[in-house]
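Structural overview for review
Okay, here's what each chain looks like letter by letter:
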Amino acid sequence: MPIVQFAPFQALVQPDFWHALTNLKIDVLRLSDDALPIAASYTAGRAVKDRETGAEIVLGCNLVLGGDAFSDSPRAPQNAVLAKGEFKNFNTIEDFKNADKTTLFNHVSDEIWKSIVEDKSTASLTRFLLITFADLKKYKYFYWFAFPAFAAKPAWEIDRDWSSATEALGEETLSVVHARLHGSLLPFFLIRTKGGKTEIASVEEYDSFFEGIPPDQRTVGFVDPSAQPSNPGWPLRNLLAYLLVHHPETAKGVRILCWRDVEPLAPGSQGAWKSRFGVLKQGAGEGASTATANTKPAAVGWEKNVHGKLGPRVADLAPMMDPARLANQAVDLNLKLMRWRILPALDLEKVANTRCLLLGAGTLGCYVARTLMGWGVRTITFVDSARVSFSNPVRQPLFDFEDCLNGGKPKAACAAERLKKIFPGVNATGHSLSIPMPGHPIPPASVEQAKKDVATLEALFDTHDAIFLLMDSRESRWLPTVLGAAKGKLVLNAALGFDTFLVMRHGARTPDAKGQRLGCYYCNDIVAPTDSLTDRTLDQMCTVTRPGLAPIAASTAVELLVSMLQHPEGIHAPAPPPQTNNSDATSAGTEGILGLVPHQLRGFLAQFRNVPIVGPAYSKCTGCSETVLKAYEKDGFDMLLRAFNETEFLPSLTGLDKLYEEAQAAIENDDLVDAEEDDF
């Protein structure tokens, strides 16, 4: 006869159990590793049909743990039975790995055996063990289940094979069993038919219930969590051990009903009974009297992991429980919804992966950073040498009153820290750094420090993709303009007047297919940048603007960057032609998926209007001309130092000095014709 093969339990842990464990660990257990009672449940095995093939798919033999596992008065769900166990949580992963698992397992199996032998009860036949380690920083849970079951020697064998319960007991008997168990589900039960009447009782009533009933009419049933046709569930192992101890005659043959029909029956479905029936006998051989001698047999039951080996499992709930992860998903929700209907082609990953360097952490810098975060940008770096002053927080949203105390916090670092508080998933850093400027000579004693500052700035340019020039003075933008052009970066400029603003993108170093190149911030000037900060009054030293102007300009600069990123030509995106009375700014071939990508936008708040402007690159520009860029690439810091210290260096280098001389000579020679002498 074939040996009975049992389907082992498979733990099915619901997410709310880990939430309950987290609360228990933090609020109750703390550093305690005392064992606690725990409860789970199981129901009859189920199978589903594949919709395509019609084949039956057997589901696992599951023991389910939910959020009420630690309840003082646990209750099983409808059509399920309760299983109680022992829970032990360890404080460190080392304690979990090095725990004496044999002792823990034997302790639970001893309790089961004691319940069988001394208490003559079936209440502990499905007792289990769960050991865990909860890494609450990472929301990772290491766990291992054991379902102790006694191994019979010799093994149980089945006469013929498992068959349908309908064939053995009849539909009428099964209907009575179903009606009785549906009201109060017993995990283990007895069935007899006496005087044409089918009756049910608990296994503990075996002697009195089966008195006068022939052995071939006695049936022992159990709620079977297995749905496999030839493999009964794990609870049967300990039920058979119980029968051998108290009713050793069952070794010669016992009728077993694997009850799998706990769900309410649909009308007219009595012919579709799922329960299985078999007659089991203990095979002949050495050790047949072991259980009857009340000697505890060996037990097995550690659950295998996902790799099919004996070992713990890991539940990583960080994506569901860590607020930072939740925030990471939530902040992108609005952007992802854009792709549902409005902009399916929007490349959000390209925006998110763009590393942005903000030169200036003042009013413009704060608003630019917030708008970048709104677009999902994950890397934002600030550069600023100032500290937060009492006039800043009302205009600069990344600072508050506390940041102004004790001389003020460094702006760059403070702004970066505030971004992390707004959204922990952002990679924000701040650098307190002074940017050397033309017209501001560097004393010999400070040359080495200036050289270090320039090297730091060059390194920051190398590790970022888009550069925002958000400083207060004209000359402070010169070095970043040179570096951006030389390194091929996306450079965005924003500058404020009282009620006007300029937002522009610097053109690429290489011309487009038409041989044209857009200009930079300095291309419209015929004078080199000089000192504009010395000898200024208070209103000139402060950025005096209408309060609403900075957020408008900052948001416009970010939107210009994103439009450029989404345009197929990127930094080479063509600017729309200037507006005329007979045309608008739209031109075929200039739009990206977000619309136009203008070169410059001049905003006039007094008229509430913006004017797009196109400015070509200037061959004698002090910021982006090839003459300047090649001199920087050849001589490096030495060239920059001359630009900082020598007022005439840049005009001489670019040829602007000769342009001045020619203009002056023309004036002196009276080459300019008076308009009054026209013949018209």
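Here the structure is a predicted model, which is why all the values come from computation and not from measurement.

Within this structure, the stated rule accounts for 15 salt bridges. Arginine 418 serves as the salt-bridge partner of aspartate 400, at 3.5 Å between the closest nitrogen and oxygen. Taken together, the residues aspartate 400 in the loop between strand E19 (379-383) and helix H13 (411-422) and arginine 418 in helix H13 connect sequence positions 18 residues apart. On the accessibility criterion, aspartate 400 (30% relative accessible area) is partly exposed. The closest approach of N and O atoms between arginine 509 and glutamate 626, which form a salt bridge, is 2.8 Å. Linking arginine 509 in the loop between strand E23 (500-505) and helix H16 (538-541) with glutamate 626 in helix H18 (residues 626-635), this pair joins segments that are 117 residues apart in sequence. The class of glutamate 626 is partly exposed, set by a relative accessible area of 32%. Overlapping salt bridges, with partners in common, bring together Asp400, Asp403, Lys409 and Arg418 in one network.

With that out of the way, let us pick up the packing of helix H3 (residues 101-117) against helix H7 (residues 235-246). Helix-helix packing: each pair is described by the crossing angle between the helix axes and the interaxial distance. As a packed pair, H3 and H7 sit with axes 10 Å apart at the nearest point and diverge in direction by 40°. Here H7 runs oblique to H3, going by the angle between their axes. The way H3 lies across H7 gives a crossing that is right-handed. Residues Ile112, Trp113, Ile116 and Val117 of H3 form the contact with H7, whose own contacting residues are Asn238, Tyr242, Val245 and His246. Here the residues of the contact of H3 with H7 sort into 6 nonpolar, 2 polar and no charged.

Detailed reading of the predicted coordinates is not advisable wherever pLDDT is low. In the predicted model, the chain carries a mean pLDDT of 88, and the fraction of residues at 70 or more is 91%. Across the chain, strand E18 (residues 355-359) holds the top mean pLDDT of 98, while H16 sits lowest at 45. Contacts of residues 537-541 to residues separated by more than four positions or lying in other chains number 3 contacts, the stretch itself having pLDDT below 50. A low-confidence stretch, residues 675-680 stays under pLDDT 50, and its non-local contacts, those more than four residues away or across chains, total 0 contacts.

Rules used in this analysis
- Residues numbered from 1 in each chain as written.
- Predicted model: local features only at pLDDT ≥ 70, side-chain atom pairs only at ≥ 80, totals over all residues.
- Heavy atoms only, no water.
- Salt bridge = Lys/Arg side-chain N within 4 Å of Asp/Glu carboxyl O.
- Helix = DSSP H or I, 4+ residues; strand = E, 2+ residues; numbered from the N terminus.
- Buried < 20%, exposed > 50% of the residue type's maximum accessible area, 1.4 Å probe, protein only.
- Axes fitted to C-alpha atoms, helices over the stretch in contact; angles between N-to-C directions.
- Parallel < 35°, antiparallel > 145°, perpendicular 65-115°, else oblique.
- Left-handed = near helix turned anticlockwise from the far one by under 90°.
- Contact = heavy atoms within 4.5 Å.
- Nonpolar A, V, L, I, M, F, W, Y, C, P; charged D, E, K, R; others polar.
- pLDDT = per-residue confidence, 0-100.

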